[in-house]
Each structure stands twice: as C-alpha cells, then as structure tokens.
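Spelled out from the first residue to the last, the chains are:
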Amino acid sequence: MKFDCRETSDLLFVKVLAERIDAAAALKFKDSLREFTGQAKASHVVLDLSEVGFIDSSGLGAVVAVMKLMGSTKRLDLAGLTPTVEKVFRLTRMDSIFTIHAQAEDVNKLYKAG
Amino acid sequence: MTLYANQAQADLCLEFPSGELEVREALAELICKLKGMDLSADDIGSVEVVLGEVLNNIVEHAYGTQNTGLIAVSLKRAGHVLRFHVLDEGGNLPSEGLPDGRLPPLDGPLDALPEGGFGWYLVRNLAFDLAYKRVGETNELAFSICCEGHG
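Residues numbered from 1 in each chain as written. Chains lettered and ligands numbered in written order. Predicted model: local features only at pLDDT ≥ 70, side-chain atom pairs only at ≥ 80, totals over all residues. Heavy atoms only, no water.

In this structure, what is going on with the sheet that holds strand β6 (residues 75-79) of chain A? I would like to understand it.
All names here are of chain A. Pairing is mixed across the open sheet formed by 5 strands, whose spatial order is β1-β2-β4-β6-β7. Two strands lie at the open edges of the sheet, namely β1 (2-7) and β7 (100-101), each paired on one side alone. Of the strand pairs in this sheet, strand β2 (residues 11-17) and strand β4 (residues 44-48) are connected by 5 bridges, and their pairing is parallel. Looking across to β4, one finds that leucine 12 is bridged to valine 45. (Pairing = 2+ DSSP bridges. Helix = DSSP H or I, 4+ residues; strand = E, 2+ residues; numbered from the N terminus.)

Shown next, in the form of structure tokens:
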C-alpha cells in the first residue's frame, strides 16, 4: 500500500495510492497513518481517498482508529470519496463524524479564505 | 473437491481458498463478471460491499486464522433480484444465528467511537431475505440484492 504525503505549515495531505482499503490492507493502512500523523507538525490532516474505489468495514474501522489515535488536538478530514466509499460512509452514518470535502484542494481554499 | 453442487443452475459461480488476499482476488473476479450482466455501477458497488463483508466474516470467524478451507459463491439472477449462495466448511454461527446488525452508537466521545460492528449492519442494509443453515459440516448463507440495471 502506497501513500503520497504533502505537508504545508497548516496541513498534512495524505493521498492513499491504493484501490482498496479492505481487510487485507486495514492493518498496514492504520500503521502507516499512525506514523505519518505522529511525525507531522501540522495539526490538520486531510486523507485523500480519490484513488480508493472500495472500503469495507475493516477499512472503515481503521479510518476511525486513526482519528482516535490523533486525539482531540489534531483534526482528520476526508476528501474525494468515490461512489462505493461514499455509500459505506453514508450507510454507517460515519459521514456525520468526519468533515468530508469533495476534493482535497478544497481544504486549501478554507485556509486562504480564512 | 467442490462445495457447490448446483453449478449448472447458477449464472455465476466461483470457489476459492479462505484468506484475506484470496477474498480480494475472488471479489475482483466476481465484479469483473458482474460488469458483463447489465448492472449499474451502484448495483455492483452494493454487491461488492455485501460480499466483501460476508466473505471476510467467513475468513475471520468461520475458518479463523488457524484453519483453511474452501469458500464457494454462486449467483442466480431473476429479473431485478440477484440471489447469492455462499458456502463454507468452517465453524458454525452461534446458536442465535445471524447477528442483528444494529449500527453501533456514534454519539459518545471521540475515544468511544466504534471501530467495528459495521459489517452485518451493511449486509442487512443492502441485502434482504437472508437465510442461514448448517447442513452437516457446511455453512450455507443465502441473500438477495435488488438491482435496477442500467439507469
């Protein structure tokens, strides 16, 4: 499982370069995200899922676990949900727990506007 | 050895060894075949979510990490209904049968958010007419998913 990480002063963008976050990938995903978010100075992390076509309940659990590991001082947003991933977040009502952006670039605009 | 005896009646069937990577490969093959059956991307997404949960449950709970065995999936289409049968020779479900699949509560503090318990909820939300029976040493799970076809 590969990732593309990009950090600015305010933000850490983590793009998942994998088609699936499934049971076979969930542990690796969680460990990698724990490492990236732990090392980052930025307190606002945006997980770009635009390349991910499928997530299962194990993958969903791993995303929640990452948010919990980051604690209350850091923030995890999601961006670029593809249709099946969006469906899983909507049906489980996890779309009410995370702030979800249509595209990762939209988060930059929030900072410029603010 | 083959688990599924009625392959001639099915529109699609696949048999593979238990394992997380084997499930991933089997799903890819099934989805590829479904794309040739005049289904919408939304229908195919629902099938992938439900089958992913059902198959990984078999890997994790019926066979568990200590055991291996075969899993068989077959599909029969009748108009707008896709009827799936999934067979395995792992341990049986608890006597209370299929889990209710209630959504875990999300209203607590951050560190109380659930990291699991979504699987059966997704299955029950997207599939209907779920039926489970133990026949000899085999688990048989059947479920249906509605499909709209190309919209």
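How should the pairing of β1 of chain A be read in this particular structure?
In the case of a regular strand, side chains alternate between the two sheet surfaces. Residue and element names in this part refer to chain A. Across 6 bridges, β1 lies against β2 in antiparallel orientation. Residue pairing across strands places glutamate 7 opposite leucine 12, the latter belonging to β2. Linking β1 back to β2 in an antiparallel pair, the connection comprises 3 residues.

Teacher, can you tell me more about empty space enclosed by the protein here?
Empty space left among the atoms is revealed by rolling a probe the size of a water molecule over them. Applying the stated rule across the entire model yields 1 cavity of 30 Å³ or more. Taken as a whole, the largest cavity holds about 30 Å³ of empty space. Arg20, Asp22, Phe54 and Asp56 of chain A together with Val23, Arg24, Leu27, Gly52 and Asn56 of chain B together form the lining of the largest cavity. Looking at which element gives the most residues to the lining of the largest cavity, the answer is helix α1 (residues 20-34) of chain B, with 3 residues. (1 Å grid on protein atoms, 1.4 Å probe; cavity = no way out; pocket = protein on both sides within 12 Å on 5 of 7 lines; lining within 4 Å. Points joined across faces, edges and corners; volume = space filled by probe spheres on them.)

Would you mind going over the interface of chain A and chain B with me for this structure?
In many reports, interface size means the accessible area that the parts give up when they come together. Opposite the 27 residues of chain A that make contact, chain B presents 26 residues. Between chain A and chain B lies a buried interface of about 2300 Å² when both sides are counted; carbon and sulfur atoms form 63% of it. When residues of chain A are sorted by the area they lose upon contact with chain B, Lys68, Lys87 and Leu91 of chain A head the list and together hold 25% of the total. Counting across the chain A and chain B interface gives 4 salt bridges. Taking the shortest distance from any N to any O, the salt bridge between aspartate 22 of chain A and arginine 24 of chain B comes out at 2.8 Å. Inspection of the chain A/chain B interface yields 9 residue pairs in polar contact (both at pLDDT 80 or more). Every element with two or more residues in the side of chain A that touches chain B is listed here: α2 (57-70) and α3 (83-91) of chain A. A per-element tally of the side of chain A that touches chain B places α2 of chain A first, with 8 residues. (Contact = heavy atoms within 4.5 Å. Buried area = accessible area lost by both parts, 1.4 Å probe. Salt bridge = Lys/Arg side-chain N within 4 Å of Asp/Glu carboxyl O. Polar contact = N/O pair within 3.5 Å; in protein donor to acceptor, adjacent residues only side chain to side chain.)

Keep in mind these values describe shape, not function.
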